[in-house]
Amino acid sequence: MPASLLPADLQLFQRGWLSSNNLLCLGERPALVDTGHDKHAELTLHLVQTALLGQPPLHTIAHTHLHGDHCGGTAELQAAYPEARTLVAASSWDTVQQWDEQRLTYELTGQHCRRFAANGVLQPGSTVQLGNYVWEIHATAGHDSDAVMLFEPKQRLLLAGDALWQNQVSIVFDTLPRFQRDGFAGFEATLDRIERLQPQVVVPGHGAVFGEVDGSVTAAIASARKRLALFRAQPDQHARYAAKALIKYQLLDVEHMTHEGFRQWLAGAPVFAELHNWVAGSISRDAWLADILDELERKDALWRSETEIGDSPTVSRQRL
């Protein structure tokens, strides 16, 4: 479904898999929801500045959550719009002020984000004015327990972040032992909440806008439930799915690495050891990762030369 499902005063910048989608809410106080990856920060700023020609300056920067692909452009936008307020989920407030990269999961995943400050919160159970609309704030869990969704009840429009994609499901980070949560149950509860909201249009964190006009929202929820049930029954499959996605994400960022640099990155990202725990005993971690790389190469998701590992120019970004 095209972005024309959205009202004219909501402009979607549909990005790739490295940068999340951005939604610009026009009005007397324009707001941007999510800011993409820091590799694309200058492009994000250009998109916003172009869209706001003849409009009031950017007033608010809001985030569904703080993974680097959703907030990497925030520092660039703050420098260009120093009067803009920056909102994060209330549960992330202290983490952002201290810039705790462990709690932000950047150390966990071997990823990065330019530091920025927040001066306001998105409190679940309350509302926030973004552009011309008042949005309900709803907590989510599963992918990131510090994430929120934004719902506009008159249009029945949901800004889902990574809580709902049309054809896939995001990594269930809350399953990792360090978080001591039932991530699958949290994700399923989030899907229950989305069903109760009955959105007619969904803006996902990645991919095209889709709507219930052709049953796409109902189908997306059903597909997510099916995938989560598989992952719950076979957690080793979720571990493999997550590892593949994280490797592809890293290569989308750096584009190519030496084999030694790639090994150092893997060793410096604790998430891979934690994911491997799901299959511990059946295969060594090195053999498990080697098998994953072989699969990614067979599927043209990466290439390997004698010296480097890189992002394949033929890979479909939808495979992430």
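As shown above, the structure is provided for reference.
Description of the structure in this document. (Residues numbered from 1 in each chain as written. Predicted model: local features only at pLDDT ≥ 70, side-chain atom pairs only at ≥ 80, totals over all residues. Heavy atoms only, no water.)

1. Description of the overall build of the protein chain
In terms of helices and strands, the protein chain carries 11 helices and 15 strands. Over its C-alpha atoms, taken along the principal directions, the protein chain stretches across nearly 55 × 40 × 40 Å. When the 320 residues of the protein chain are sorted by exposure, 54% land in the buried category. Counted over contacts in the protein chain with a minimum sequence separation of 6, partners at least 24 positions apart contribute 67%. Carbon and sulfur atoms provide 49% of the accessible area of the protein chain, an area that totals close to 13600 Å². Of the charged side chains in the protein chain, 27 are positive and 38 negative, and the gap between their average positions amounts to 4 Å. (Helix = DSSP H or I, 4+ residues; strand = E, 2+ residues; numbered from the N terminus. Buried < 20%, exposed > 50% of the residue type's maximum accessible area, 1.4 Å probe, protein only. Contact = heavy atoms within 4.5 Å. Areas by Shrake-Rupley, 256 points an atom, 1.4 Å probe, with all protein chains shown as cover. Lys, Arg positive; Asp, Glu negative; His and termini not counted. Charge placed at Lys NZ, Arg CZ, Asp CG, Glu CD.)

2. Describing the packing of helix α8 (residues 235-254) against helix α9 (residues 259-267)
Helix packing for two helices is described by the angle between their axes and how far apart those axes are. Packing of α8 against α9 leaves a shortest axis separation of 12 Å and a crossing angle of 130 degrees. Classified by the angle their axes make, α8 and α9 are oblique. Note that α8 runs across α9; the crossing there is right-handed. The segment α8 lies against α9, with L246, I247 and Q250 engaging F262, W265 and L266. Each residue belonging to the contact of α8 with α9 can be placed in one class, and the counts come to five nonpolar, one polar and no charged. (Axes fitted to C-alpha atoms, helices over the stretch in contact; angles between N-to-C directions. Parallel < 35°, antiparallel > 145°, perpendicular 65-115°, else oblique. Left-handed = near helix turned anticlockwise from the far one by under 90°. Nonpolar A, V, L, I, M, F, W, Y, C, P; charged D, E, K, R; others polar.)

3. As for the nonpolar core
Residues I247, F262, V271, F272, L275 and W288 are the most contacted members of the largest nonpolar core, which totals 28 residues. Secondary structure elements with two or more residues in this core: α8, α9, α10 (271-276) and α11 (285-298). Apart from the residues within four sequence positions on either side, F262 is in contact with I247, M257, L293 and I309. (Core = buried A, V, L, I, M, F, W, Y, C linked by side-chain atoms within 4.5 Å.)

4. Some thoughts on α11
Between its first and last C-alpha atoms α11 spans 20 Å; for 14 residues at 1.5 Å apiece the expected length is 20 Å, and the two agree. Those residues of α11 that sit buried are W288, L289, I292, L293, E295 and L296. Viewed along the axis of α11, the buried residues span an arc of 160 degrees, placing them on a single side of the element. Exposed residues lying more than 90 degrees from the buried face of α11 are D286 and R298. (Expected span 1.5 Å × (residues − 1). Arc of directions from axis to C-beta.)

5. Regarding the environment of R181
The topology assignment puts R181 in the loop between β10 (157-161) and α6 (183-197). The exposure class of R181 is partly exposed, given its relative accessible area of 39%. Along the sequence, R181 and S19 sit 162 residues apart, while their C-alpha atoms lie 27 Å from each other. If we skip the residues at most four places from it in the chain, R181 touches S145, D174 and T175.

6. Thoughts on the pattern of salt bridges
Summed over the entire model, instances satisfying the criterion amount to 15 salt bridges. Of the charged contacts in the structure, one is a salt bridge between E76 and R114, with a shortest N-O distance of 3.0 Å. One end of the pair, E76, is in helix α3 (residues 74-80); the other, R114, is in the loop between α5 (106-109) and β6 (120-122), and 38 residues separate them in sequence. R114 gets classed as partly exposed once you look at its relative accessible area, which sits at 41%. Between E188 and R232 there is a salt bridge, with its nearest N and O atoms 3.5 Å apart. Highlighted residues: E188 in helix α6 and R232 in helix α7 (residues 216-233), separated in sequence by 44 residues. Residue E188 is classed as partly exposed on the basis of its relative accessible area of 24%. Through salt bridges with shared partners, one network takes in R240, K244, D291, E295 and K299. (Salt bridge = Lys/Arg side-chain N within 4 Å of Asp/Glu carboxyl O.)

7. So, the packing of aromatic side chains
All told, the structure shown has seven aromatic pairs when counted by the stated rule. Between W17 and W165, the ring centres sit 5.1 Å apart and the planes meet at 65 degrees, which makes this aromatic pair edge-to-face. In this pair, W17 sits in the loop between β1 (10-13) and β2 (22-25) while W165 sits in the loop between β10 and α6, placing the two residues 148 residues apart along the sequence. The class of W165 is buried, set by a relative accessible area of 9%. Ring geometry for W265 versus F272: centroids 5.4 Å apart, planes at 70 degrees, classification edge-to-face. Residue W265 is classed as buried on the basis of its relative accessible area, which comes to 10%. A network of ring pairs unites the aromatic residues W99, Y106 and F116 as a single cluster. (Phe/Tyr/Trp six-rings, centres within 6.5 Å; stacked < 30°, edge-to-face > 60°.)

8. Re the sheet that holds strand β7 (residues 127-130)
One open sheet accounts for six strands, arranged β7-β8-β9-β10-β11-β12; its pairing is mixed. In the strand order of this sheet, the two ends are held by β7 and β12 (210-211), each with one partner. Taken together, the four bridges between β7 and strand β8 (residues 133-139) define a ladder with antiparallel strand orientation. Counted as the bridge partner of L130 is Y133 from β8. (Pairing = 2+ DSSP bridges.)

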